[in-house]
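# Per-entry structural report
Residue-level listing of the chains:
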Amino acid sequence: MNDQLKPLSLIYNENSGFHARDKEQIYEQMMTIWTSHGYEIQVFDLSSAVNMQSLLKTIFERHAKYDDKGVIVAAGGDGTLNAVASQMMHQAIPMGILPLGTFNYVARVLKIPLDLLQAAKVIVTGQTRAVHVACINDQIYLNNASLGLYPLFIKKREIYNKKWGRFPLNAYTSGLDVLIRDRKELKLEVAVDGKKYPVKTPLIFFGNNQLQLEEMKLKIAKCAEVGLVAGVVIAKGDKRTLFKTLFQTIRGKLEKADDVYSFSAENVIVNSQKPKLTVALDGEIVEMSTPLKLHVEKNALNMMVPNVTTSF
């Protein structure tokens, strides 16, 4: 091994089409950029790994053999980034991003270019920035975690995506479809920094990405920026209220919608009589045991970002 080389480990999902024919030239150009900066590259296919924990263990062992800590790169959408980031918290090795998702909120809030070649350059020429990571029980969310109707939106959106491709419009269309067909409400007790509130809601949403919250025109975007748990609750579940709320969301005026309440806290606990709740975490659906305990690990993840950027 050349002691002067630095390790770069690229994690991608072959099922995402990263090696599709139209990307082969870009892929080769990225490799050229990285090798020209002294990186020794190894590629890891997420779809062939037993699990993310074992994959990252192998990658950490690889990096430990070098004098330079190098960089670990996640190529994919925000769900893939979440999976990689969950194993990289409190690590000295920084995480790089190749944005391949629909919305790419994590890349965008960090000012990482959506152009893959420009993003590849940031990985080897940028600076390290520590970012906040929100936690819910033993899992994390970089963008958002939600209960109620939102997980149903995600499931319906995936059906639309498979039929017509991944377009932002599908997120709104799937939301409309769910509101027409399913309006279940959750009966919860939400403790906000120890103060308990009974809540009956069709949707409770927790955001960690200030850009996403800003685009929703929510004042709690500033709370997420400083590392607080930022939440939104819809207090009424009738069809009229929900359609108005969806319309206000599309217009970017969610906070002005009736029966929508936002809050922030250091710690939030969501209690339910149900032993498990369905939660959407950065676009992935999981079943989680109650109570749900939320907090933010501040400056917990080192990310490669452009040399001039705003805070996360």
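Residues numbered from 1 in each chain as written. Predicted model: local features only at pLDDT ≥ 70, side-chain atom pairs only at ≥ 80, totals over all residues. Heavy atoms only, no water.

Following the sequence through the fold, Val279 ends up in strand E14 (residues 276–281). A relative accessible area of 0% places Val279 in the buried class. As a C-alpha pair, Val279 and Ile136 span 143 residues in sequence and 9.8 Å in three-dimensional space. (Helix = DSSP H or I, 4+ residues; strand = E, 2+ residues; numbered from the N terminus. Buried < 20%, exposed > 50% of the residue type's maximum accessible area, 1.4 Å probe, protein only.)

Our focus in this paragraph is unusual backbone geometry. Here Thr290 and Pro291 are connected by a cis peptide whose omega angle stands at 0°. Position of Pro291 relative to the elements: it lies in the loop between strand E15 (284–289) and strand E16 (292–305). Look at Lys111: it is not a glycine, yet its phi comes out positive at around 65°. Taking relative accessible area as the criterion, Lys111 reaches 46% and is therefore assigned partly exposed. Residue Asp282 is not a glycine yet carries a positive backbone phi of 50°. Mapped onto the secondary structure, Asp282 falls in the loop between E14 and E15. By relative accessible area, Asp282 is classed as buried at 7%.

Turning to the side chain of Asn208, a few remarks are in order. Relative to the elements of secondary structure, Asn208 occurs in the loop between strand E10 (203–207) and helix H8 (210–215). With relative accessibility at 3%, the residue Asn208 sits in the buried group. Within the structure, Asn208 has its side chain in polar contact with the backbone oxygen of His132 (distance 3.4 Å). (Polar contact = N/O pair within 3.5 Å; in protein donor to acceptor, adjacent residues only side chain to side chain.)

Judged by nonpolar contacts, the single largest core of 54 residues is most densely connected at Trp34 and Leu98. For this core, the element with the highest residue contribution is helix H5 (residues 116–125), accounting for six residues. Counting 26 residues, the second largest nonpolar core, distinct from the first, contains Leu147, Leu277, Val279 and Val296. (Core = buried A, V, L, I, M, F, W, Y, C linked by side-chain atoms within 4.5 Å.)

Here we come to the pairing of E15. As judged from the six bridges shared by E14 and E15, these two strands associate in the antiparallel manner. Pairing of Thr278 across the sheet is with Glu287, part of E15. Turn length for the E14-E15 hairpin, with the two strands adjacent in sequence and antiparallel, is two residues, and the turn residue Asp282 shows positive phi of about 50°. (Pairing = 2+ DSSP bridges.)

Let us now look at the packing of aromatic side chains. Per the counting criterion, the structure on display carries two aromatic pairs. Between Phe103 and Tyr105 the ring centres are 5.8 Å apart and the planes differ by 10°, which places this aromatic pair in the stacked class. In this structure Phe103 comes out as partly exposed when scored by relative accessible area, which is 23%. Given a relative accessible area of 11%, Tyr105 falls into the buried group. Look at Phe206 and Phe263: their rings are 6.1 Å apart centre to centre, the planes differ by 85°, and that puts the pair in the edge-to-face class. With Phe206 in strand E10 and Phe263 in strand E12 (residues 260–265), the pair connects residues that are 57 residues apart, well separated along the chain. (Phe/Tyr/Trp six-rings, centres within 6.5 Å; stacked < 30°, edge-to-face > 60°.)

Scope: geometric values only; no functional claims are made or implied.
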